Structures are given as structure tokens and as C-alpha cells.
Amino acid sequence: MSSTPGGFDRRNFLRAGGIAAAAIFGGAALAACTSAVQEQKAGGDDATPVRGGTLKVGIRDDLAPANLLTNTGATPVLIGLVYESLIRYRNDTLEPQPLLAKSWQLAADGRSLSLDLRDDVTFHSGRQFTAKDVEFSIRTYADAKWSAQLRSSAAAVTGFDIVSPTRITLQFAHPLSNVYDLLDTVPILDSESIDQLGSGEKYIGTGPFKYVQRIPNSQIVFEKNPTYRVPDRPYLDRVEVSIIADPQALLNALKSGQISLARELNYRDTENLAKSGGYKVHDLEGAELQAYVGVNVTEPALADVRIRQAIAFALDRERIIAEVFRGSGYPLNVPWPKNSPAYDESRNTRYSRDVGKAEELVTQVGKPPVLPLTFAPGYDELAQIVQANLAEAGIEVTLDPVDGATFVKQLTGQQFRGLWVTDHSWAQFVPSTLTVSAYPFNARRNASRYDSPAYTAAADAAWKLPQGTGPEAVRAFHAVSDQLLEGLFLIEIGVRYQQFAGSNKVHGFGWTKRRETLLTDTFLS
């Protein structure tokens, strides 16, 4: 079902020492290159492009305007259609490719980065994109008001030297091994409409589609940007996104033709669609999510790491991947997907399923009291298997379902009373990003209330390297992995891929490493 290549290309990733990170292209050649790198398209799709038409998409979660700089709800759809970033990773590598920046040069000490920008880009309002917009966007992203998850990395950009409208040098407080993660993630925002952004009145970017309107909990509408810089793109005239919270209703809408593309159907339904013919199922490889069990380590019953080890040994990861995610993923003990420079097979077998070992650890500590296992809608089946696994080891939990908003509040507010199940992202980027950015892993403040000087030191050491690959970086990432395996404040289950299912008439569907929807090259046959 996969339509994206895997594998990590280390050849040119994050080269320092004053070497240009991308060649400078000009005119139509650069436009063609940019169009090519920004799309992860369905393999083997050789249909002839058709212009025009309206693509109707169904997703389960609405947009929360205040969360524009997070990666939640409908935000990945809006960002992917309306906005662009300075660079973009291909989904199968961590090698940055040009987007709004044509080329860049990282200083040998990793303390500054010079960017040469395109001169043919305009916002949807007609205003020219310049270096001032780069500064404005990074400063806005660093503003605590927006709760952006790479905010700490944006805040480490301490200087903006604007040489010309198309050249800017960023100065850093310290080397940032994940600087290209930041430049891939920060959307270039329009300073003239920023006051209307948080309220949801206006979304003005430089991307292939223009925002038209939103009916809360119902629909978001986009239209083709007629002045988009890539020649003859996009193909579509219009995109209509319907909010359909119920997965069965979403499936029915796809099968009846009311929509042609659906995000996050049940895994069993996508499995059946793929077998039935007439539909394509896209595993968003390169944009992995990881399912995990979270632990409030300040809960007395969970404070002893041996109980957390017992949980890690008790989990039947293979069963969860097979039954819940229908094989769309693979087991893990540490967060990093297989295409990450931090991936290490030996560390991923540390806590292979061993019920006897789990029972022995529980006996050593003493049977804990009954604990709550909190989860949001959509995680019922996962929670039930985890409950059964833990019961085998002598750890009893009660299922604690909550609505999505409550779950997010508990996650970000450190309010879980015991255990929880959900998934996280960001491990598909440079590994240092996860430990300084993602809410569950943040070394200084996380949902588990885990506080470890050794973990913080390892996270900082990996973050402050001048580059994110090579032997020194890999050693630093492995040190982070060892801290995660020792502390077990989060207990990994494994990778799962978010999925889109679409009619065979939809061609050229794409996505970014943050699961943003890319429809620049999409057309309907």
C-alpha cells in the first residue's frame, strides 16, 4: 500500500564548513525542481495530467485557528495548501531541498546560516516575498503565544542580518543540529494579516492554493492560486475539505462518491478498500507516527522504574501492529523510525515481550494498585490490548476514555493520573528535535513529569552539535536513546503510518514529513 520510498541518504545531509547546501537554480529550471521535490507522489501513476476540477476531501478533525503553528487537527491540510517554508525535506531523506530559499551556506562552526531567496514569489495578497518575511516568520514562530513545538529552536535564532531583499544570514545562540528541521517547518507568514490569523479570518501564504472560507465543524474551502510561481500548477481549480468526525460516515462518504479522498479511516477499512479495487491507500511513509504508553513517574505506584520495565516487557508490540494498525508499521523500543540516523536494531530489542520477566519485576516491587489508562477517541482498541497485556504481568488498569480536547489538555498540562496511550511525531526529523520540541519528550518539561539531569544533558548535547549526522551525532543520538531506555517515562510500542485513502481517479497526491497535504501536482481523471 505504500507509495513513498524509504531509506536514509547520508551523503550530503547537513554539510557544514562553508559548503553550499544546494545549487542555485534559475527561472523555470528552479520552478520545475521545486515542484518535483515538494511532492511525494503515488508510485507507478503514469496518468496524463488533467486541468481543472474540484477535489473533495474528508477529514475527521476541524481546524483550531489558535493552533496554526502546531501539527494538529486540520492544520496540516491548511498549511500544506496555503503556505510554504524555506526548504523542504524529501520524505525519504533528511537532506534539505530548495523551496523558497534557493541555496544556503552553513558556517563551519554551525553558528550562522546564510540564505539566498527566490525573487519571483508573491503572497496571495500580491505582496512580494522578501528577507523581512523570513525574519518575521521565525520571530512569530518563536512567540510563546503560538505554542509551536520547535519554538525553542526558533528562539535560538538570535540575529537576523538582512543583506538584501533576497539574502539573509541567521545567527544562532549555539550550533543547531536541527536547523534545517526548523526551516522545513516554519511556514512563511504574511505580516500584514497576522492579527487576523489567530482568529481564523485570513490565511495568506505563498502556496499553490488560496484560502476561501471556513464553516466551523463543517467545511474548509480553497481555490487555485492563479499567480503561483510554479508554471502550470496547481492542476486543480478548487479543494473542498469536509469535516466528518465519525469514521463510518467518512468511509460511507468515500464509497458513495461524496468525497474522493479521506484521511484516517479505520485501518481495517483501508485494508479492505485496498483489496476491493477502485481505491488507492497511501501510507504516509517518511512522516511516521509512533504509538506509546505514557507514564506519570510521580505517581507512587509508577515511581519505581522496575514497574515501568515490567510494562515494557509485557507489551505485545507485534500483536498491536498486526491487529490495530493492520501491519501498517513496525515495533520499536526507542522512537526513531528505520530511516533515522538514530535507529539501532539492538536498542529496539531491549524490551522484547517477556511476560515472565514482567511478572518477576512486579513481584520484586509488589503489585501496584489499580491504575487509570487514559486515551482519546480512536485509541480504544490499542488501550484494550495494552490493558490485557498488563493484566498478564499482574498490573491492573481501568480504561479511562476522554474526549480529544481533554486529552490534549492533560498531555500539555502534565495532568495524567497514571498511564495513557496515544502517539507522537517528530522522531522522523533530526533526532535532537524530538527531545527539545515534542511535548511528551521535552527534557525540561514533559507530560510524564520526568526530570533527569542526565537525560537533559544528553538532549542538549545532541541539539547543540554543528551538524546532525556523522559519527559524533550518531553517538549523541544513541546516548539519548540509552537515557530513554533507562528512564522509561515513555514506553514505545511502534511506528504507525497515518493513511489517506482515495478513489483511483485521484492522481499525484503528496505529503510532507509533517503529514502536510500537498496537492500541487494532484489532478482528477
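**A look at the sheet that holds strand β19 (residues 499-503)**
The strand order β8-β9-β10-β1-β11-β19-β12 describes an open sheet built from seven strands, whose pairing is mixed. The sheet terminates laterally at β8 (209-215) and β12 (279-283), the two strands that pair on one side only. Strand after strand, the sheet turns through a mean of 20 degrees between neighbouring axes, direction not considered. For β8 and strand β9 (residues 219-224), the ladder comprises six bridges, and the chain directions are antiparallel. Bridge pairing links Phe209 to Lys224 in β9. Set on the sheet, helix α2 (residues 75-82) makes contact with β1 (54-59), β8, β9, β10 (238-243) and β11 (261-263); between it and β8 the angle comes to about 150 degrees.

**Remarks on empty space enclosed by the protein**
Taken as a whole, this structure holds five cavities of 30 Å³ or more when the rule is applied. In this structure, the largest cavity occupies an estimated 110 Å³ of space. Element by element, the count of residues in the lining of the largest cavity is highest for α2, at three residues. Its residues placed into classes, the lining of the largest cavity shows seven nonpolar, four polar and two charged. Within this model, the second largest cavity holds a volume of roughly 50 Å³. Around the second largest cavity, the lining residues are Asn333, Val334, Pro335, Phe441, Leu484, Leu485, Leu488, Leu490, Ile491 and Glu492. Secondary structure elements with two or more residues in the lining of the second largest cavity: α15 (471-487) and β18 (490-496). When its residues are assigned to classes, the lining of the second largest cavity shows eight nonpolar, one polar and one charged.

**Some remarks on the pattern of salt bridges**
Under the criterion given, the structure shown has 27 salt bridges. With its nearest N and O atoms 2.8 Å apart, the salt bridge here joins Arg238 to Glu240. With a relative accessible area of 23%, Arg238 lands in the partly exposed category. Connected via shared salt-bridge partners are Arg127, Asp133, Asp190 and Glu192.

**Looking at the layout of surface pockets**
Its boundaries defined by the atoms lining it, the second largest pocket holds a volume of some 330 Å³. For the second largest pocket, the lining is made up of 16 residues, of which Ala148, Arg151, Ser437, Tyr439 and Asn442 are closest to its centre. At the level of secondary structure, the elements contributing two or more residues to the lining of the second largest pocket comprise α4 (151-155), α12 (404-412) and α13 (431-437). Its residues assigned to classes, the lining of the second largest pocket comprises six nonpolar, eight polar and two charged.

**Focus on the packing of aromatic side chains**
With the rule as written, the count across this model stands at 15 aromatic pairs. With a centroid separation of 6.0 Å and an interplanar angle of 55 degrees, the aromatic rings of Tyr89 and Phe429 are classed as tilted. Highlighted residues: Tyr89 in strand β2 (residues 87-89) and Phe429 in the loop between β17 (419-424) and α13, separated in sequence by 340 residues. A residue is classified by how much of its surface remains accessible, and Tyr89, at 1% relative accessible area, is buried. Aromatic side chains Tyr450 and Phe489 sit 4.4 Å apart centroid to centroid with 10 degrees between the ring planes, which places their arrangement in the stacked category. Here Tyr450, found in the loop between α13 and α14 (453-463), pairs with Phe489, found in the loop between α15 and β18; they are 39 residues apart in sequence, far enough to count as distant. Residue Tyr450 is classed as buried on the basis of its relative accessible area of 14%. A network of ring pairs unites the aromatic residues Tyr89, Trp426 and Phe429 as a single cluster. Above the face of the Tyr330 ring, Lys338 is positioned so that its terminal group lies 4.5 Å from the ring centre.

**Quick word on the confidence of the model for the protein chain**
The predicted model of the protein chain averages 90 in pLDDT, with 91% of residues at 70 or higher. pLDDT under 50 marks residues 1-44. Its contacts with residues more than four places away, or in other chains, come to 121 contacts.

**As for the sheet that holds β18**
Strand order in the open sheet made by the six strands is β14-β18-β13-β17-β15-β16, with mixed pairing throughout. One side of each edge strand has no neighbouring strand; the edge strands of this open sheet are β14 (329-331) and β16 (397-401). Neighbour-to-neighbour, the strand axes of this sheet turn through a mean angle of 25 degrees, independent of strand direction. Where strand β15 (residues 371-375) lies against β17, two bridges are found, and the strand directions are parallel. Within β17, the residue paired with Leu373 across the bridge is Leu419. Helix-sheet contacts for α12 involve β13 (289-295), β15 and β17, and the interaxial angle to β17 is about 95 degrees.

**Topic: helix α7 (residues 267-276)**
Where α7 is concerned, the buried positions are Tyr267, Asp269, Thr270, Glu271 and Leu273. If you follow the buried residues of α7, they end up packed against α6 (247-255), β12, β18 and β19. Following α7 by one or two positions, Gly277 adopts a phi angle in the positive range, close to 85 degrees.

**Some words on the packing of helix α8 (residues 305-314) against helix α10 (residues 355-365)**
Between α8 and α10, whose axes approach to 8 Å, the crossing angle comes to 160 degrees. On the basis of their axis angle, the class for α8 and α10 is roughly antiparallel. Along this stretch, α8 crosses α10, giving a crossing that reads as left-handed. Between α8 and α10, the contacting residues are Arg306, Ile307, Gln309, Ala310, Phe313 and Ala314 on the first element and Val355, Lys357, Ala358, Leu361, Val362, Gln364 and Val365 on the second. Considered class by class, the residues forming the contact of α8 with α10 number nine nonpolar, two polar and two charged.

Parameters and conventions
Residues numbered from 1 in each chain as written. Predicted model: local features only at pLDDT ≥ 70, side-chain atom pairs only at ≥ 80, totals over all residues. Heavy atoms only, no water. Pairing = 2+ DSSP bridges. Helix = DSSP H or I, 4+ residues; strand = E, 2+ residues; numbered from the N terminus. Axes fitted to C-alpha atoms, helices over the stretch in contact; angles between N-to-C directions. Contact = heavy atoms within 4.5 Å. 1 Å grid on protein atoms, 1.4 Å probe; cavity = no way out; pocket = protein on both sides within 12 Å on 5 of 7 lines; lining within 4 Å. Points joined across faces, edges and corners; volume = space filled by probe spheres on them. Nonpolar A, V, L, I, M, F, W, Y, C, P; charged D, E, K, R; others polar. Salt bridge = Lys/Arg side-chain N within 4 Å of Asp/Glu carboxyl O. Buried < 20%, exposed > 50% of the residue type's maximum accessible area, 1.4 Å probe, protein only. Phe/Tyr/Trp six-rings, centres within 6.5 Å; stacked < 30°, edge-to-face > 60°. Lys NZ or Arg CZ within 6 Å of the ring centre and 35° of its normal. pLDDT = per-residue confidence, 0-100. Parallel < 35°, antiparallel > 145°, perpendicular 65-115°, else oblique. Left-handed = near helix turned anticlockwise from the far one by under 90°.

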